[in-house]
Amino acid sequence: MAMAQNKSSTIPVNVGVVLDMDEFLGKMGLSCISMALSDFYSSDHGSKYKTRVVLHTRDSKRDVVGAAAAALDLLKNVEVEAIIGPISSMQADFIINLGEKSQVPIISFSATSPSLSSFRNPYFVRATQNDSSQVETISSIIQSFGWRQVVPIYIDNQFGEGIIPFLADALEKINARIPYRSVISEFVTVDQIKSELLKLMNMQTRVFVVHMPNSLGSRLFMAAKELDMMSEDFVWIITDAMTNQLNFIDYSVVESMQGVIGVKPYVPRNKKAENFTTRWKLKFRQENPTIINAELDVYGLWAYDSATALAMAVEKSKPSGASFRKQKIPGNTTDLEAFGVSKDGPKLLKAILNTTSKGLSGDFQIVDGQLQSPAYQIINVIGTGAKGIGFWTRKNGLVKKLNSRSGYSISKENFGSIIWPGDTNSVPKGWVPTNGKKLKIGVPVKDGFTKFVKVTRDFTTNRTTVTGYCIDVFDAVMKALPYYVPYEYVPFAAPDGKSAGSYDDLVYQVFLGNFDVVVGDTTIISNRSQFVDFTLPYTESGVTMMVPIKDDNRDNAWVFLKPLTWELWLTSFCSFVFIGFVIWLLEHRVNEDFRGPPWHQVGMMFWFSFSTMVFAQKERIVSNLARFVLIIWFLVVLILTSSYTASLTSMLTVQKLQPTVTDVKELVKNKEYVGYQPGSFVVGLLRKMNFDEDRLKAYNTPEECVELLSKGSANGGIAAVFDEIPYVKLFLANYCSKFTTIGPTYKTDGFGFAFPIGSPLVPDVSRAVLNVTEGEKMVQIERAWFGESTCSDSSTSLSSNSLGLDSFWGLFIIALVAAILALLIFLGKFIHEHWHIIRQSNLSFHERTRILARKFDGKDYSSHTFKKSELRDALGDSAHDMDCSRSPHGNLSMLPSPRKTGPPSPSNSSQTEQSYHFPGEEGASPLREENVAVSAQESVTELVVDIKAGH
């Protein structure tokens, strides 16, 4: 009675179920849904609910129209509050639009296509995993093994196409390409499958991602097994569409899938799920006795959890049970317009989105309208089933075990042991070089510089031979690969045997698929790399300018001036004059050689300074300060003269070749003609350098280039050539005495081999290029084609040979500092000795200056150089006094004796010690009266100053 009373007090809520009742997935889903509701309402928690979900099942009959008709019936006639189903994404695409129109939630536990979005259809709830959530797991697997190309194989419908954009984006992030997409119809025959697989076999790529249901996937792998595509070098990865239902695949199909890698959502094991699985098997066997060995998969668990969550949401939303609100539509209506709008639908949808529970499949939580993405398990098909080899989580990437505390990783070391197709443990490369076909190697056809590439055609046998430096390098590189790659050279020629286009056109043929590789003197530049992938370069890089050279030193009368720049000549002259002046200042008061008439002293100053250039000075230096300065100066002069001599000798004895042009801007400014090779990218570079189009001349052979350069720009030739360094080096090997390189080098990446974008051969060939260029083989190839160059590098002789100030300014600074230091010491000492004159305030500045000048001009008797002739000076003073007493000017007797200002010093008897001469002195001229008067007045003033100072 209590149970009957409780049953009568509950509120029934109609819920529709649209499934394919003839398929196993539909039967399994329906049984799981009914068991979920039974378990929930019989539990302690669910038995207290006031609402009860009442199921109304409909068969979609494995058809989109049938599913739509079933949904219309449920919405119009039953007025269900929610619909669980349908099975496929194609069926769900139409039904979710009906749900949005009627505001009835559509809950699907198996519609996985990313094209179904709750953002566009808010009443669609995906209680399963979005197919796009597994693409990161697949891309991590591909990245961990370093595979660069992947071919997706998918069913031609909405389910198959939905994952492809997300897979392409994920592969692009790891720098992997999709060179081809294999689309297979749902109704394809076995022969058509084999035809498509044969097409895949003719490609280099050997990594395939299969996304299709079991029914089609089983036929695909059976056909692949027959075509021997389940052997070594092949990689097969299946999505969860097949991995989730791997237990339902026939044993013969599983046997043909040995070595396949699969991904699927990870479902943690728990006792609740195990108990349910046991009960489900018993019930399912009773309801479907014809189905043997039925196994519960993750879709059944999601169906169970969806029904449980719906029952909880129904209770939370407290539906009123009111009928649908009918829409007022004028005129005749169709079935699509006849159904109304649910009043309780919005509340129920909100309750579903906010419902979380601990389900059989793990944590059940709807985020943004779909089930929260769990970890993914990675399996390896071995024997009769699958073995787990690792996991992928959004936080840690690839891991061996869940709950790992390590950081994010995509290392293949995190996988367990893997058995690959062909029953091997060796990781497949993921591609094969040629599939048994020869690579078509495109080579350029050119008239000149044939040492790089030369195409010779024998018209009698119609056989073409390709030789050259670039060809030998490529042959050596291909032999260095760890595997054999057959190939053949195909000239890029027109029917008449001439070149079929420029180098850009040749490279573009690889992009068009006409050539597999381009080999030759092909430069790696940015615009070409947009269409092909280049290997590492095998030659020097850059574009340089080559010009004629001439010897302009031997016939130059002023060549002796060239060893030094004008800045250094000027600095040297000023330094000689300055040092001579400093030496004169330091020696004038203590050395007889630096005394005498003014012009004699000026001449002595210049003579002494410049004579040090050849160390020819004969004057004796007595001052220690002057000696200090000269020691430093002799070092400067020695280095300077030695450098000058060496540079001049080099100019006169070695041929100095100078370029006729030194600057590109000079060529542009003067509108000179310049040359380039036809078909080269250099012509584009010249246009960017602002050369006029009519100033560009093409040449085909080195001989033609020599002729144009020899004529010159004014005579119908060219003033300079712009070309790549390998060509210029080959040219200069034969003509280095006439031409040279000058100016800057415009950077390029040298010659390289061009492959299709994403070609897996590029990394291996690049490594082989390094092995060849770093070894002896490259030296042998260069010697065979270019020989040993007999020309020395002319770049050093073309640089400026004049010695500049930059090389010697340090020496001049040292000499200048030494001279200034000596001057400061001398001036400090002089000022200290005559401080009594400077501090006399009763004298004008002019008078003090004249007195100090006379003091400086006089001899320094305190110097040791004058002490030896003290007696001679005394006798000279007596004679001087007698002469003064006989003078008609009585005031001359007041002139002070030189002895008053210091001790006597030796002096030459032939010279006077004053700046004037007295009558009767040897060698003296008659003294004018006015001069004697001025001298007497100055002497008196000086004597007064000395007396006041206490001297």
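Just so it is clear, the structure is predicted and the values come from calculations on it, not from any experiment. (Residues numbered from 1 in each chain as written. Predicted model: local features only at pLDDT ≥ 70, side-chain atom pairs only at ≥ 80, totals over all residues. Heavy atoms only, no water.)

Draft legend 1. Molecular detail of the UniProt feature "transmembrane region" (unreviewed entry) in the chain. Sequence positions flagged by UniProt for "transmembrane region" (unreviewed entry) are, in local numbering, residues 568-586, 628-646 and 808-831. Between the first and last C-alpha atoms of residues 568-586 the distance is 27 Å; the span itself is 100% helix and 0% strand. Secondary structure within residues 808-831 divides into 96% helix and 0% strand; the distance between the first and last C-alpha atoms comes to 35 Å. (UniProt positions renumbered as here; feature names shortened; annotations may be inferred. Helix = DSSP H or I, 4+ residues; strand = E, 2+ residues; numbered from the N terminus.)

Draft legend 2. Examining the side chain of Ser139 more closely. Along the polypeptide, Ser139 turns up in helix 5 (residues 135-144). A relative accessible area of 7% places Ser139 in the buried class. Of the polar contacts made by the side chain of Ser139, one reaches the backbone oxygen of Glu136; its length is 3.0 Å. Look past the residues within four positions of Ser139 in its chain and what remains in contact with it is Ala170, Leu171 and Ile174. (Buried < 20%, exposed > 50% of the residue type's maximum accessible area, 1.4 Å probe, protein only. Polar contact = N/O pair within 3.5 Å; in protein donor to acceptor, adjacent residues only side chain to side chain. Contact = heavy atoms within 4.5 Å.)

Draft legend 3. A look at the sheet that holds strand 9 (residues 235-238). The strand order across the open sheet built from eight strands is 7-6-8-9-10-14-15-16, with neighbouring strands paired in mixed fashion. Strands with a single pairing partner mark the edges of an open sheet, and in this sheet they are strand 7 (182-184) and strand 16 (397-399). Recorded for the sheet is a direction-independent mean angle of 25° between the axes of neighbouring strands. Taken together, the four bridges between strand 8 (residues 207-211) and strand 9 define a ladder with parallel strand orientation. Across the sheet, the residue bridging to Val210 is Ile238, located in strand 9. Sheet strands in contact with helix 5 are strand 8, strand 9, strand 10 (261-265), strand 14 (376-382), strand 15 (385-393) and strand 16, and its direction is about 145° off that of strand 10. (Pairing = 2+ DSSP bridges. Axes fitted to C-alpha atoms, helices over the stretch in contact; angles between N-to-C directions.)

Draft legend 4. Up close: a nonpolar patch on the surface. Taken together, the side chains of Trp809, Ile813, Leu816, Val817, Ile820 and Leu824 define a hydrophobic patch exposed on the protein surface, amounting to about 570 Å² of accessible area. Along the chain, Ile813 turns up in helix 28 (residues 809-833). With a relative accessible area of 41%, Ile813 lands in the partly exposed category. (Patch = residues over 30% accessible without salt bridge, like charges linked within 9 Å, V, L, I, M, F, W, Y side chains within 5 Å. Areas by Shrake-Rupley, 256 points an atom, 1.4 Å probe, with all protein chains shown as cover. Salt bridge = Lys/Arg side-chain N within 4 Å of Asp/Glu carboxyl O.)

Draft legend 5. Summary view of the packing of aromatic side chains. Counting across every chain of the model gives 43 aromatic pairs. With a centroid separation of 5.4 Å and an interplanar angle of 75°, the aromatic rings of Phe511 and Phe531 are classed as edge-to-face. Here Phe511, found in helix 17 (residues 503-512), pairs with Phe531, found in the loop between strand 21 (517-518) and strand 22 (532-534); they are 20 residues apart in sequence, far enough to count as distant. For Phe511, a relative accessible area of 44% gives the class partly exposed. Judged by its relative accessible area of 30%, Phe531 is partly exposed. Through a chain of ring-to-ring contacts, three or more aromatic side chains come together here, namely Phe449, Phe452, Tyr469, Phe474, Tyr487, Tyr489, Tyr538, Tyr699, Tyr727, Phe751, Phe753 and Phe786. It is Lys429 that lies over the ring of Tyr483; its NZ or CZ is 5.5 Å from the centre. (Phe/Tyr/Trp six-rings, centres within 6.5 Å; stacked < 30°, edge-to-face > 60°. Lys NZ or Arg CZ within 6 Å of the ring centre and 35° of its normal.)

Draft legend 6. Just the layout of surface pockets, in detail. Here the largest pocket defines a volume of roughly 1100 Å³. Glu23, Ile87, Glu186, Pro213 and Ser215 are the residues nearest the centre of the largest pocket, which is lined by 35 residues in total. Residue contributions to the lining of the largest pocket peak at five residues, all from helix 9 (residues 214-226). (1 Å grid on protein atoms, 1.4 Å probe; cavity = no way out; pocket = protein on both sides within 12 Å on 5 of 7 lines; lining within 4 Å. Points joined across faces, edges and corners; volume = space filled by probe spheres on them.)

Draft legend 7. Summary view of the nonpolar core. Core analysis: the largest hydrophobic core is formed by 52 residues, its most contacted members being Met28, Cys32, Phe109, Phe276, Trp280 and Leu310. Counting residues per element, the ones that place at least two in this core are strand 1 (11-19), helix 2 (24-42), strand 3 (82-84), helix 12 (271-287), helix 13 (298-317), helix 15 (345-353) and strand 12 (362-367). Looking at this core element by element, the count peaks at 13 residues for helix 13. Leaving out residues up to four positions away in the same chain, Phe109 has contacts with Leu19, Gly29, Ile33, Ile84, Ile87, Ala127, Thr128, Tyr299, Trp302, Ala303 and Ser306. Core analysis: the next-biggest nonpolar cluster, separate from the first, contains 49 residues, Leu481, Tyr483, Phe755 and Met778 among them. (Core = buried A, V, L, I, M, F, W, Y, C linked by side-chain atoms within 4.5 Å.)

Draft legend 8. Here's a closer look at empty space enclosed by the protein. The tally for this structure, following the rule as stated, stands at five cavities of 30 Å³ or more. Estimates place the volume of the largest cavity at around 80 Å³. Lys446, Tyr503, Asp521, Thr522, Thr523, Arg528, Gln677, Pro678, Ser680, Phe681, Glu724 and Tyr727 are the residues that line the largest cavity. Each residue belonging to the lining of the largest cavity can be placed in one class, and the counts come to four nonpolar, four polar and four charged. Considering only enclosed or pocket space, the second largest cavity measures out at about 50 Å³ in volume. Every residue along the wall of the second largest cavity is listed here: Ile107, Val125, Ser306, Ala309, Leu310, Ile352, Thr355, Phe364 and Ile366. Mapped by element, the contributors of at least two residues to the lining of the second largest cavity are helix 13 and strand 12. Broken down by element, the lining of the second largest cavity gets its largest block of residues, three residues, from helix 13. Class assignment of the residues belonging to the lining of the second largest cavity gives a composition of seven nonpolar, two polar and no charged. (Nonpolar A, V, L, I, M, F, W, Y, C, P; charged D, E, K, R; others polar.)

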